[in-house]
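# A structural walkthrough
The lines below spell out each chain.
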Amino acid sequence: MKPQRPFVLINMAMTADGKIAPPHRRFAPIGSRRDHDNLLRLRTTVDAVMCGARTVESGNITMDAGGARYERQRLAKRLNRQNLRVLVSGSGSVDPGAAIFKSRISPILIFVSSQAPAKRLAKLKAVADEVIVCGAKSVALGQALGRLRRDWNVKRLLCEGGGELNFELLRLGLVDELHLTICPRLIGGRDAPTIADGAGFQRLAKAAKLEPVAQRRTGDELFTTWRVRPESR
Ligand SMILES: NC(=O)c1ccc[n+]([C@@H]2O[C@H](COP(=O)([O-])OP(=O)(O)OC[C@H]3O[C@@H](n4cnc5c(N)ncnc54)[C@H](OP(=O)(O)O)[C@@H]3O)[C@@H](O)[C@H]2O)c1
């Protein structure tokens, strides 16, 4: 039987205190060029890359393969030259003027919920390849992943944040692997986003359980890989 959803990886660069951006929440390169290369190499292993609405608006984010070198790596792995690009925006609030919509390099799908007003939907339909209504109050992420697997043949999906989308995926037990680059900085600030925000797990017993599977230090950064234990899925 065909698996019902893709294998899901999350990749994030965080400071030593777990922050993924300063309190102003605009994009800031927390990681080095090496970390960026690590991200693009991870993209060469997946069919689709996914982000939340606030992440894709936070800077010049295009979510593409990253250039000819990475495209060649994708083709060698028998993947499409470019990854599919997937956005999650329950209320359809994602800015249709965001940089990603100026790049037509690969299909852009946007998952919204039934809460998204018709006016917003019309604007998003004009800039995306497909706008998919999936879920009543918020995007039903399990169903959305099922649609990606079934309709777009997405076998591996890389989620690149932000904290709110990551938390929902973790809460619903939809994450298989976490790639965290720990960068040698400390930002602080209660309003600075972290790798998993949202409402948070209220009880430790409910927290996502992780198993470290790989770590390496390169320069001053720690590249770590964690498996999300099946009991928290
Ligand atoms: N350092 C890193 O590696 C890294 C990576 C990515 C992002 N970032 C930073 O993280 C920040 C953004 O993170 P964030 O947590 O604020 O936002 P986010 O997770 O990128 O986006 C949140 C939005 O996504 C939509 N969303 C998420 N889950 C949903 C669900 N289950 N159902 C419906 N909609 C859902 C909602 O859109 P609607 O409002 O339209 O409903 C929500 O407002 C930025 O500062 C960015 O630069 C850092």
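Residues numbered from 1 in each chain as written. Predicted model: local features only at pLDDT ≥ 70, side-chain atom pairs only at ≥ 80, totals over all residues. Heavy atoms only, no water.

## Let's talk about the overall build of the protein chain
Counting secondary structure elements, the protein chain contains six helices and nine strands. Computed over the C-alpha atoms, the radius of gyration of the protein chain is 17 Å, within 12% of the 17 Å expected from 2.2 N^0.38 for a compact globule of 233 residues. Residue burial in the protein chain is summarised as follows: out of 233 residues, 48% are buried. Contacts spanning at least 24 positions in sequence make up 69% of the contacts within the protein chain whose residues lie at least 6 apart. Taking the average place of the 40 positive charges on the side chains of the protein chain and the average place of its 22 negative ones, the gap between the two points comes to 3 Å. (Helix = DSSP H or I, 4+ residues; strand = E, 2+ residues; numbered from the N terminus. Rg over C-alpha atoms; globule rule 2.2 N^0.38 Å. Buried < 20%, exposed > 50% of the residue type's maximum accessible area, 1.4 Å probe, protein only. Contact = heavy atoms within 4.5 Å. Lys, Arg positive; Asp, Glu negative; His and termini not counted. Charge placed at Lys NZ, Arg CZ, Asp CG, Glu CD.)

## Describing the side chain of K19
Positionally, K19 belongs in the loop between β1 (7-15) and α1 (33-43). Buried and unpaired, K19 has D17 as its nearest opposite-charge partner, separated by 5.3 Å. There is a polar contact of 3.1 Å between the side chain of K19 and the backbone oxygen of G189. With residues near it in sequence (within four places) discarded, K19 still touches A13, M14, I30, I187, G188, G189, A192, P193 and T194. (Salt bridge = Lys/Arg side-chain N within 4 Å of Asp/Glu carboxyl O. Polar contact = N/O pair within 3.5 Å; in protein donor to acceptor, adjacent residues only side chain to side chain.)

## Focus on the packing of α1 against helix α3 (residues 68-76)
The packing of two helices is summarised by the inter-axis angle and the distance between the axes. Between α1 and α3, whose axes approach to 9 Å, the crossing angle comes to 35°. Every pair of crossing elements has a handedness; the one defined by α1 and α3 is right-handed. Counting all contacts with α1, which are made through D37, L40, R41 and R43, the residues of α3 involved are R69, Y70, Q73 and R74. Residue composition of the contact of α1 with α3, grouped by class: two nonpolar, one polar and five charged. (Axes fitted to C-alpha atoms, helices over the stretch in contact; angles between N-to-C directions. Left-handed = near helix turned anticlockwise from the far one by under 90°. Nonpolar A, V, L, I, M, F, W, Y, C, P; charged D, E, K, R; others polar.)

## A look at helix α4 (residues 118-127)
Where α4 is concerned, the buried positions are L121, L124 and V127. Seen along its axis, α4 keeps its buried residues to an arc of 125°; they face one direction. More than 90 degrees from the buried face of α4, the exposed residues found are A118, K119, K123, K125 and A126. Those residues of α4 hidden inside the fold are in contact with β4 (108-112) and β5 (130-133). (Arc of directions from axis to C-beta.)

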